Amino acid sequence: MGKMMQNKRKKDTIYHPELHTKDVNSREIFKNDKLTSQFLRNYTNIPLFANVNPEDIEDVSRKYRAFLGVEYESDTIKKVHIRRQDSTEESEVYVISLIENKSDIDYDVAMQLLKYMTVIWQEYKKKREKGNKNVSKRKNFRYPLIVPIVYYEGAKKWTADFHLKNRIEYAEQMEKYIPDFMYQVVSVNQYTNEELSRKCDEMALVMLINKIQTPEDYEEFRKVSEELINSIYGNASEEIKEIYQNILWSLLMKMNVPSEEARELMGEIGGRGMGYLFENMEKMDIQAERRNTQREKIRADEASKRAEKAENEKKQMELEIQQLKQELERMKKKI
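Fair warning: this is a prediction, and the values are worked out from it, not measured in the lab.

K.L.:
How should the overall build of the chain be read in this particular structure?
P.N.:
A tally of helices and strands in the chain yields 13 helices and five strands. Long-range pairs, those at least 24 residues apart, make up 62% of the contacts in the chain with a sequence separation of at least 6. Accessible surface, the chain as shown: approximately 20,700 Å² in total, 49% of it carbon and sulfur.

K.L.:
I'm lost on a nonpolar patch on the surface in this one. Help?
P.N.:
The grouping of Tyr170, Met174 and Tyr177 at the surface amounts to a nonpolar patch, some 390 Å² of accessible area in total. Among the secondary structure elements, Tyr170 is positioned in the loop between β4 (145-152) and β5 (184-187).

K.L.:
Mind showing me how you'd approach the pattern of salt bridges here?
P.N.:
Oppositely charged side chains can pair when the atoms bearing their charge come close. All chains considered together, the criterion is met by twelve salt bridges. Across the salt bridge formed by Glu58 and Lys79, the nearest N and O atoms sit 4.0 Å from each other. Taken together, the residues Glu58 in strand β1 (residues 57-59) and Lys79 in strand β2 (residues 76-83) connect sequence positions 21 residues apart. Taking the relative accessible area as the measure of exposure, Glu58 reaches 34% and is therefore partly exposed.

K.L.:
Help me understand the packing of helix α9 (residues 226-235) against helix α10 (residues 238-254), please; the structure alone is not making it clear to me.
P.N.:
Think of two packed helices as two axes; the pair is described by the angle between the axes and how far apart they sit. α10 packs onto α9 with a crossing angle of 130° between their chain directions and a minimal axis gap of 8 Å. Between α9 and α10, the angle is such that the two are oblique. Seen from α9, the contacting residues are Ile232, Tyr233 and Gly234; seen from α10, they are Lys241, Tyr244 and Gln245. Among the residues making up the contact of α9 with α10, the classes are represented as three nonpolar, two polar and one charged.

K.L.:
Got a minute to help me understand the packing of aromatic side chains in this structure?
P.N.:
The description of an aromatic ring pair rests on the distance of the ring centres and on the angle between the ring planes. Across all of its chains, the model carries nine aromatic pairs by this definition. Ring geometry for Phe141 versus Tyr143: centroids 5.0 Å apart, planes at 90°, classification edge-to-face. You can call Phe141 buried: its relative accessible area is 8%. With relative accessibility at 40%, the residue Tyr143 sits in the partly exposed group. Ring-pair connections join several aromatic residues into one group, and the members of that group are Phe30, Phe39 and Tyr151. Looking at Lys199, its charged tip hangs above the ring of Tyr43, at a distance of 4.9 Å from the centre.

K.L.:
Honestly, the side chain of Asp75 in this entry has me stumped. Any pointers?
P.N.:
Among the secondary structure elements, Asp75 is positioned in the loop between α4 (61-68) and β2. Relative accessible area serves as the criterion here: at 4%, Asp75 is assigned to the buried category. Engagement of the side chain of Asp75 in a polar contact is seen with the side chain of Tyr116, the distance being 2.6 Å.

K.L.:
What should I look at first to understand a positive patch on the surface in this one?
P.N.:
Positive charge collects at one region of the surface, where Lys63, Lys126, Lys127 and Lys130 lie side by side. Tracing the backbone through its elements, the reader meets Lys127 in helix α5 (residues 109-131). For Lys127, a relative accessible area of 47% translates into the label partly exposed.

K.L.:
In this structure, what is going on with the nonpolar core? I would like to understand it.
P.N.:
Nonpolar side chains in soluble globular proteins tend to end up buried together. If you look at the biggest cluster of nonpolar residues, it comprises 50 residues, and the most contacted ones within it are Phe39, Tyr43, Phe49, Tyr151, Met203 and Met207. Core analysis: the second largest hydrophobic core is formed by 26 residues, Tyr64, Leu98, Ile146 and Tyr183 among them.

K.L.:
Just to check I follow, could you spell out the pairing of β4 for this structure?
P.N.:
Regular strands place side chains that alternate from one sheet face to the opposite one. Here β4 lies mainly inside the structure; seven of its eight residues are buried. Note that β4 and β5 share four bridges and pair parallel. Following the sheet pairing, Val150 is matched in β5 by Val185.

K.L.:
Could you clarify how one ought to interpret unusual backbone geometry in this entry?
P.N.:
Glycine aside, negative phi is the norm for most residues, and most peptide bonds take the trans geometry. The phi torsion at Asn134 lies on the positive side, around 65°, for a residue other than glycine. For Asn134, the position within the fold is in the loop between α5 and β4.

K.L.:
For this particular structure, what's the right way to read α5?
P.N.:
For an α-helix, the turn length of 3.6 residues means that residues three or four places apart are oriented alike. With 23 residues, α5 ought to run about 33 Å at 1.5 Å a step, and its terminal C-alpha atoms sit 35 Å apart, in line with that. Regarding α5, the residues found buried are Val109, Ala110, Gln112, Leu113, Tyr116, Met117, Val119, Ile120, Glu123 and Tyr124.

K.L.:
Where do I start with the side chain of Lys79 in this structure?
P.N.:
The exposure class of Lys79 is buried, given its relative accessible area of 8%. Sequence-distant contacts of Lys79, that is, excluding residues within four places in its chain, are made with Asp56, Ile57, Glu58, Val60, Glu92, Val93, Tyr94 and Lys127.

K.L.:
Looking at this structure, I do not really get the environment of Gln245. What am I missing?
P.N.:
Checked against the element boundaries, Gln245 lands in helix α10. Residues Gln245 and Ile269 lie 24 residues apart in sequence; the distance between their C-alpha atoms is 8.2 Å.

K.L.:
Got a minute to help me understand the confidence of the model for the chain in this structure?
P.N.:
Reading fine detail from the predicted coordinates is not recommended where pLDDT is low. Considering every residue of the chain, the mean pLDDT works out to 80; 79% of them sit at 70 or more. By mean pLDDT, the top-scoring element of the chain is helix α3 (residues 33-43) (95), and the lowest-scoring one is helix α1 (residues 2-15) (38). Considering only residues more than four positions removed or in separate chains, one finds that residues 1-23, a stretch of pLDDT under 50, has 22 contacts.

Scoring rules and cut-offs
- Residues numbered from 1 in each chain as written.
- Predicted model: local features only at pLDDT ≥ 70, side-chain atom pairs only at ≥ 80, totals over all residues.
- Heavy atoms only, no water.
- Helix = DSSP H or I, 4+ residues; strand = E, 2+ residues; numbered from the N terminus.
- Contact = heavy atoms within 4.5 Å.
- Areas by Shrake-Rupley, 256 points an atom, 1.4 Å probe, with all protein chains shown as cover.
- Patch = residues over 30% accessible without salt bridge, like charges linked within 9 Å, V, L, I, M, F, W, Y side chains within 5 Å.
- Salt bridge = Lys/Arg side-chain N within 4 Å of Asp/Glu carboxyl O.
- Buried < 20%, exposed > 50% of the residue type's maximum accessible area, 1.4 Å probe, protein only.
- Axes fitted to C-alpha atoms, helices over the stretch in contact; angles between N-to-C directions.
- Parallel < 35°, antiparallel > 145°, perpendicular 65-115°, else oblique.
- Nonpolar A, V, L, I, M, F, W, Y, C, P; charged D, E, K, R; others polar.
- Phe/Tyr/Trp six-rings, centres within 6.5 Å; stacked < 30°, edge-to-face > 60°.
- Lys NZ or Arg CZ within 6 Å of the ring centre and 35° of its normal.
- Polar contact = N/O pair within 3.5 Å; in protein donor to acceptor, adjacent residues only side chain to side chain.
- Lys, Arg positive; Asp, Glu negative; His and termini not counted.
- Charge placed at Lys NZ, Arg CZ, Asp CG, Glu CD.
- Core = buried A, V, L, I, M, F, W, Y, C linked by side-chain atoms within 4.5 Å.
- Pairing = 2+ DSSP bridges.
- Expected span 1.5 Å × (residues − 1).
- pLDDT = per-residue confidence, 0-100.

Shown next as structure tokens:
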């Protein structure tokens, strides 16, 4: 009975569009430790993360939201336990992942990241000094490493500066007085579909789907091996499958697929696997949908203009009639 209720809840999250009106899939990606570990190992090109596993990752986002406020809800902070090569000890490394899936570039990201970093370091100092007062004032005290990363799904090239100092005036003349760091951007569009296919992990499928932004992207996705996608999807955990389903639902809504058809398609994917998506992709003509939407918009605009013109002509006629009446009244008075 418990399992049946659990399955029902999973179906409910898929079949109710109102639960997916916002593009929540990107936020869900980094809540999953397996996807996060794959992302750090295979997509950041940072040697320190070369051997990171899901069990090495601890999500501490909620802890810092109390300091940062609700505007940072979509971002994640991970504490990654790194095994030192020169000893049996572990060190804490913090990874800040900002979710930037807007089409417009946020040029103030470096300042946003700085706010995270100062909060993390202040909290770390406070924690260490609870058991050892003034430990931070000692020569050998070190704050933990923080790696700031932006996961970017936008179609436009990321053009914001990667260095904090370049957001500060007099950066060139007064460089030695200005704090600085560099953040990394991992964009879904920096990888071709072939490169993602060769990586062959669950994160690769996430990025393949999230790359679909235009009709051309949609056509390129259809060229990806159906067997590969079925294999990745089929071997994924139920939690990751649900993330895929949320991403696909978001995609179908962007493609303007009618909700009833989208619900039916998602139900079949849940039962048969990702292969069903390939079998039915012919039904989802994104270009036609966009043309239809554009035509409807043009028709609505034209109807609105006609109505506005008619209203203006009516007002003009009423004004002319009023003026004529006034002129007649003046003529009567003269007679």
